[in-house]
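Here's the letter readout for the chains.
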Amino acid sequence: MERIYTDDDANPAALSGKVAIIGYGSQGRAHARNLRDSGFDVVVGARPGGGAEKRAKADGFAPVTPAEAAAQASLVALLSPDMSHKEAYSEAIAPNLQPGAALLVAHGFSVHYGEIDPRRDVDIVLVAPKGPGDLVRREFEIGRGVPCLFAVQQDASGNARDKALAYAQGIGGTKGGAIETTFAEETETDLFGEQAVLCGGASELVVAGFQTLVEAGYKPEVAYFECLHELKLIVDLMYEGGLAKMLHFVSETAKYGDFVSGPRVINHETRARMREVLADIRNGKFANQWIEENQAGKPKYQQMYDADLEQPIEKVGARLRNQMAWLQSQPASKAA
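As a starting point, this report considers the structure included with it.

The rules behind each value
Residues numbered from 1 in each chain as written. Predicted model: local features only at pLDDT ≥ 70, side-chain atom pairs only at ≥ 80, totals over all residues. Heavy atoms only, no water. Pairing = 2+ DSSP bridges. Helix = DSSP H or I, 4+ residues; strand = E, 2+ residues; numbered from the N terminus. Axes fitted to C-alpha atoms, helices over the stretch in contact; angles between N-to-C directions. Phe/Tyr/Trp six-rings, centres within 6.5 Å; stacked < 30°, edge-to-face > 60°. Buried < 20%, exposed > 50% of the residue type's maximum accessible area, 1.4 Å probe, protein only. Core = buried A, V, L, I, M, F, W, Y, C linked by side-chain atoms within 4.5 Å. Contact = heavy atoms within 4.5 Å.

Regarding the sheet that holds strand 1 (residues 18-22)
Strand order across the open sheet formed by seven strands is 2-1-3-4-5-6-7, with mixed pairing between neighbours. What marks the edges here is a single partner per strand, and that holds for strand 2 (41-45) and strand 7 (178-180). On average, each strand axis in the sheet is inclined to that of its neighbour by 25 degrees, with strand direction left out of account. Where strand 1 meets strand 3 (residues 73-78), five bridges bridge the pair, whose relative direction is parallel. Considered in strand 3, the bridge of Val19 is made with Leu75.

Brief notes about the packing of aromatic side chains
With the rule as written, the count across this model stands at six aromatic pairs. Between Tyr24 and Phe61, the aromatic rings sit 6.1 Å apart at their centres with planes inclined by 75 degrees, giving edge-to-face as the arrangement. Residue Tyr24 is located in the loop between strand 1 and helix 1 (26-37), and its partner Phe61 is located in the loop between helix 2 (51-58) and helix 3 (66-72); the two are separated by 37 residues in the primary sequence. The class for Tyr24 is buried, based on a relative accessible area of 3%. When the centroid spacing of 6.1 Å and the interplanar angle of 40 degrees are considered together, the rings of Tyr301 and Tyr305 count as tilted. One end of the pair is Tyr301 and the other is Tyr305, both in helix 16 (residues 299-309) and four residues apart, which spans about a single turn.

Let's talk about the pairing of strand 5 (residues 123-129)
Burial analysis of strand 5 places seven of its seven residues in the buried class, which makes it a mostly covered element. A two-sided burial pattern is seen for strand 5, the buried positions comprising Asp123, Val125, Val127 and Pro129 on one face and Ile124, Leu126 and Ala128 on the other. Here strand 5 pairs with strand 6 (residues 148-154) via six bridges, running antiparallel. Its bridge partner lying in strand 6, Ala128 is registered against Leu149.

Describing the nonpolar core
Ranked by internal contacts, the top residues of the largest apolar core, which has 32 residues, are Val19, Ile21, Leu35, Leu75, Leu104, Val127 and Tyr167. For this core, the secondary-structure elements that each account for two or more residues are strand 1, helix 1, strand 2, strand 3, strand 4 (102-105), strand 5, strand 6 and helix 7 (160-170). Among the elements that line this core, the one with the most residues is helix 7, at six residues. When sequence neighbours within four positions are dropped, the list of residues in contact with Val19 reads Leu35, Phe40, Asp41, Val42, Val43, Leu75 and Tyr167.

This is the structure:
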């Protein structure tokens, strides 16, 4: 079984000097505050006058420009969106990062697919919490932690792995348990999970189920409850205790339907399409498409985004959710 690293395996002294956080969004804000509370010297790099600078100041930091932050730091955590990494690294970080310092990312996309061409005299590491930034912060505040992955792509200092583990401990990751991986494994499995299961797969399954019921003459409102609303109940059970807990709490009828009908929907053809998705991720086809789409200003992306929000299930759901008082006070959480 894969080893799970804990607080006992980390040495905070391996990460001396300033830690720079560039990208003060969901993960960046959580990492910066957790690291500060763990005793690290944290500097936030943010564009003057921007929203990130204002949020960081409100949290008690004294932000400087990304270039200034990189020049001060022994480790720079680049936590802005993937498509911003190339510019941020080439313009602010690479010219200023000291030899033997480290560049850290929370997702390996930009490094794995060559958007960042790292200098040979710096460490390149990854620490990826398996939860959104607000959860990383909440768990840390109550003395617990969110599990994380860590990896080393380039070890110029001979100490890169220890730096990654120290950073993971600083944000609470070794309390939740840290698992060692590679940049390729983290990147490719993360993209596959998003596309085939968590976002693409789940949303398409929900919409297809809704459409099937509506086309058969059932009320859209009833179809919404059965195909989307109740999905949370099942996902929560699996999240808390795997398939065993889900099967324990659903009815005997639901269990039997699971066994005989699930494989009819998710079958050998579905898995063949999943293998195609994985192949496009591993050979770089998906990455190249996404990079080119961004460079073109994301016209196709925007068309698909708008079309998704125009589907009937969205309109029905919006009306029904307005009646669910418990949803109105809940802030939306981001995955990264």
